[in-house]
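Remarks on the overall topology
Read off the chains here:
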Amino acid sequence: MTEPVATGYAAALAELETILAELERADVDVDVLATQVKRAAELIAFCRDRIGNARLHIEQVVADLNEDPG
Amino acid sequence: MSQVAFDLDLDDGGVPTYTVGELAEAINSSLRRGFTDGVWVRGEIQGWSERGPHAYFRLVEETENGKAAVNVQFFANARMRLRPMLAKHRLQLSDGLKVRLFGHLDFFAPSGQLGLKMSSLDPRFTLGEMALERDDVVRRLVAKGLFDANRRTRVPAAPLRVGVVTSTASAAWGDFTHELDRSGLAFRLRVIDVRVQGEWAVDMVSGALRTLTRHDDLDVVVLVRGGGSKTDLATFDHETIATAIATSPLPVFTGLGHEVDRSVADEVAHSSLKTPTACAAALVEHVLAFQAEVQRVWSSIDAHANRALQQSSASLATIAHGVRRATVSAVERSDDRLGHRRQRLGSAADRALERSADRLVAARTSLGRVPARLEPELRHIEAVASRVRLLDPVHTMARGWSITRTADGTIVRAAGDLATGSSIVTTFATGSARSRVEETNT
């Protein structure tokens, strides 16, 4: 990653939406296009990772709770 | 005087010549014929003198034409005879007294003087004259606004500091002090010894009164004397004494020793008592009344204080009882409330625990549903990813598209942007090629 994904999932998603809007414009610069696509890919990977981690964590917690019904 | 008809030898043209003895005889004979039964004369006594049992004085009248006077002899036998009558009217003959008297004229040959042998006196005249003079004095005092001035002064509550004008050699002084001593009260006396009768009495009494009434450390001034003749009492009818009393800032008490008559001094004094003893008794009475009043007030204060204390004590007991009752009651109520709260606490805790357990179950259930809620998010990310993929030029160039740039790296978007002979760089999906422009068609 060339740039750390800043504050978290919500911020990453917002940046991703901004990049998409720029890429879908007609007059987008090809050079910028490549850079932006690369950044978008990073953000997508970050978000996927976060979602996956969250799911795992929650499932673990719920499992723990179910094991200890005190 | 008419010509006396003596049978005498005439040796000078018919005018008789008397020997001195004959003349004296003739005068006396003539006087006896002219004033057969004696004569009444009125005037003022002056130059009173006593020689042995006899008394002599001049009877004087001040007239418009000057002074007229006649010598009077008041011999022992006449004095003896008149004494009961004078005593009855309490008259004492002395200088200044106006009298109407009866006597026989007598030319006393040895001294060649005409005199009046006094044999009687009209007491009503003297008394009337005294009354008239007294009335004049009273009238003048009233006109000056002094008549009741001293009666308007206030006797202090306890008149213990007493100024006394009296003759200390008299029984009056003895009676007065005896009465005060008898009371056992702490009277403090300041006395001025004066003559209360005779020539200097008026000046001495009025001077003493003026001196004492100027003292501001006295409560009252007392003027006392024993009994005396009516004419002695006339001293106290004198305007000078009456004025000294009337103008006194201190109340003046009189005790002039008369059961019946009141002098002008008595009239203008704050209080007039019949005797020195009565005068002292009046002062004692004032002080005793004050003592009684003080005692009464003190008793009243004492009673009020005791009543107030009893009431306060009773109120305090009531309050204390109330406090005790209220305290017991409050403690009991607190006990009840505590028990009640203990119960409520138990049940409330139970209910709270139940609610918490319920909420926990619900939370667990919700939590279980969370991963499912991540699915739409993931789908959204995947959609974004496919859109990004579509836009990636790598895929476009893989299908045979290329990018042409000038020598300085500027992307060429139209043939017209190129000059013939210029160098260009073409980028492919893999690799690039440099070439030169031979021709452009726009």
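Calculation notes
- Residues numbered from 1 in each chain as written.
- Chains lettered and ligands numbered in written order.
- Predicted model: local features only at pLDDT ≥ 70, side-chain atom pairs only at ≥ 80, totals over all residues.
- Helix = DSSP H or I, 4+ residues; strand = E, 2+ residues; numbered from the N terminus.
- Contact = placed C-beta atoms within 7 Å.
- Nonpolar A, V, L, I, M, F, W, Y, C, P; charged D, E, K, R; others polar.
- Pairing = 2+ DSSP bridges.
- Axes fitted to C-alpha atoms, helices over the stretch in contact; angles between N-to-C directions.
- Core = buried A, V, L, I, M, F, W, Y, C linked by C-beta atoms within 7 Å.
- Buried ≥ 20, exposed ≤ 12 C-beta atoms within 10 Å, placed from the backbone.
- Left-handed = near helix turned anticlockwise from the far one by under 90°.
- Parallel < 35°, antiparallel > 145°, perpendicular 65-115°, else oblique.
- Expected span 1.5 Å × (residues − 1).
- pLDDT = per-residue confidence, 0-100.

**Focus: the overall build of chain B**
- Within chain B, the regular secondary structure consists of 10 helices and 13 strands.
- Counted over contacts in chain B with a minimum sequence separation of 6, partners at least 24 positions apart contribute 63%.

**Examining the interface of chain A and chain B**
- Across the boundary between the two partners, chain A contributes 20 residues, which contact 18 residues of chain B.
- Breaking the side of chain A that touches chain B down by element, the ones donating at least two residues are helix H1 (9-23) and helix H2 (30-67) of chain A.
- A total of 17 residues in the side of chain A that touches chain B trace back to one element, the largest contributor, which is H2 of chain A.
- A breakdown of the residues in the side of chain A that touches chain B according to their chemical character gives 17 nonpolar, no polar and three charged.

**Some words on the sheet that holds strand E12 (residues 423-427) of chain B**
All names here are of chain B.
- Here three strands make up an open sheet; going across it, the order is E11-E12-E13 and the pairing antiparallel. Of all strands in the sheet, those bounded by a partner on one side alone are strand E11 (403-406) and strand E13 (432-436). In this sheet, neighbouring strand axes are inclined to one another by 25 degrees on average, regardless of whether the strands run parallel or antiparallel.
- In this sheet, E13 lies alongside E12 in antiparallel orientation, the contact comprising five bridges. Residue pairing for E13: threonine 427 is matched across the bridge by serine 432.

**Re the nonpolar core**
Residues and elements named next belong to chain B.
- One finds Val205, Leu209, Ile245 and Ala265 to be the most contacted residues of the largest nonpolar core, which totals 45 residues.
- Considering every element that reaches this core, the biggest residue donor is helix H5 (residues 201-213), with seven residues.
- What isoleucine 245 contacts, discounting residues up to four positions off in sequence, is Asn150, Leu209, Val252, Ala265, Val268 and Ala269.
- Core analysis: the next-biggest nonpolar cluster, separate from the first, contains 13 residues, Leu91, Leu101, Leu116 and Met118 among them.

**With respect to the sheet that holds strand E8 (residues 220-224) of chain B**
Residues and elements named next belong to chain B.
- In space, the five strands of this open sheet follow the order E7-E6-E8-E9-E10, with parallel pairing throughout. Whereas interior strands pair on both sides, the edge strands pair on one side only; in this sheet they are strand E7 (188-193) and strand E10 (271-273). With direction set aside, neighbouring strand axes in the sheet form an average angle of 20 degrees.
- Looking at chain direction, strand E6 (residues 161-166) and E7 are connected through six bridges and run parallel. Bridge pairing links valine 162 to leucine 189 in E7.

**As for the packing of helix H3 (residues 123-143) of chain B against helix H7 (residues 239-246) of chain B**
Residues and elements named next belong to chain B.
- Close contact between H3 and H7 brings their axes to 10 Å; oriented N to C, the two are set at 35 degrees. For H3 against H7, the interelement crossing comes out right-handed. Across from Val137, Arg140 and Leu141 in H3, the residues of H7 making contact are Glu239, Ala242 and Ala246.
- Across the contact of H3 with H7, the residue classes break down as four nonpolar, no polar and two charged.

**Notes on the environment of threonine 440 of chain B**
Residues and elements named next belong to chain B.
- With respect to the secondary-structure elements, threonine 440 resides in the segment after E13.
- Overall, threonine 440 belongs to the partly exposed group, with 13 C-beta atoms counted inside 10 Å.
- What threonine 440 contacts, discounting residues up to four positions off in sequence, is Ala415, Gly416, Leu418 and Thr420.

**Considering the pairing of E8 of chain B**
All names here are of chain B.
- For E8, a buried count of five out of five residues is recorded, marking the element as mostly surrounded by other parts of the structure.
- In terms of strand pairing, E6 meets E8 through four bridges, oriented parallel. Along E8, the bridge assignment pairs valine 162 with valine 220.
- By the bridge criterion, four bridges tie E8 to strand E9 (residues 252-255) in an arrangement that is parallel. Within the sheet, the bridge partner assigned to valine 221 lies in E9 and is valine 252.

**Concerning the packing of H1 of chain A against H2 of chain A**
Residues and elements named next belong to chain A.
- The geometry of H1 relative to H2 is characterised by a closest axis approach of 9 Å and an angle of 150 degrees between their N-to-C directions. By the angle between their directions, the pair H1 and H2 is classed as roughly antiparallel. When the axes of H1 and H2 are compared, the crossing they make is left-handed. Every residue of H2 that contacts H1 at Tyr9, Ala12, Leu13, Glu15, Leu16, Ile19, Glu22 and Leu23 is listed here: Leu33, Gln36, Arg39, Ala40, Leu43, Ile44, Phe46, Cys47 and Arg50.
- Taken together, the residues of the contact of H1 with H2 break down into 12 nonpolar, one polar and four charged.

**A few points about helix H4 (residues 171-183) of chain B**
Residue and element names in this part refer to chain B.
- Over its 13 residues, H4 runs 19 Å from end to end, which matches the ideal 18 Å to within 8%, given 1.5 Å per residue.
- All of the buried residues in H4 are Ala172, Trp173, Asp175, Phe176, Glu179 and Leu180.
- Downstream of H4 by one or two residues, glycine 184 has phi in the positive range, about 75 degrees.

**Focus: H7 of chain B**
All names here are of chain B.
- The buried fraction of H7 amounts to six of the eight residues, a majority that puts the element mostly inside the structure.
- Listed as buried for H7 are Ile241, Ala242, Thr243, Ala244, Ile245 and Ala246.
- Looking at the packing, one finds that the buried side of H7 touches H3, H5, E9 and helix H8 (264-268).

**Some words on the confidence of the model for chain B**
- A residue-level look at chain B finds 93% of positions with pLDDT of 70 or above and a mean pLDDT of 85.
- Interface confidence for the predicted complex, expressed as ipTM, amounts to 0.71; the pTM equals 0.50.

**Thoughts on the environment of leucine 91 of chain B**
All names here are of chain B.
- For leucine 91, the location among the structural elements is in the loop between helix H2 (76-88) and strand E4 (98-108).
- Here leucine 91 falls in the buried class, since 22 other C-beta atoms lie within 10 Å of it.
- On a C-alpha basis, the gap between leucine 91 and leucine 233 in space is 9.6 Å, while along the polypeptide they are 142 residues apart.

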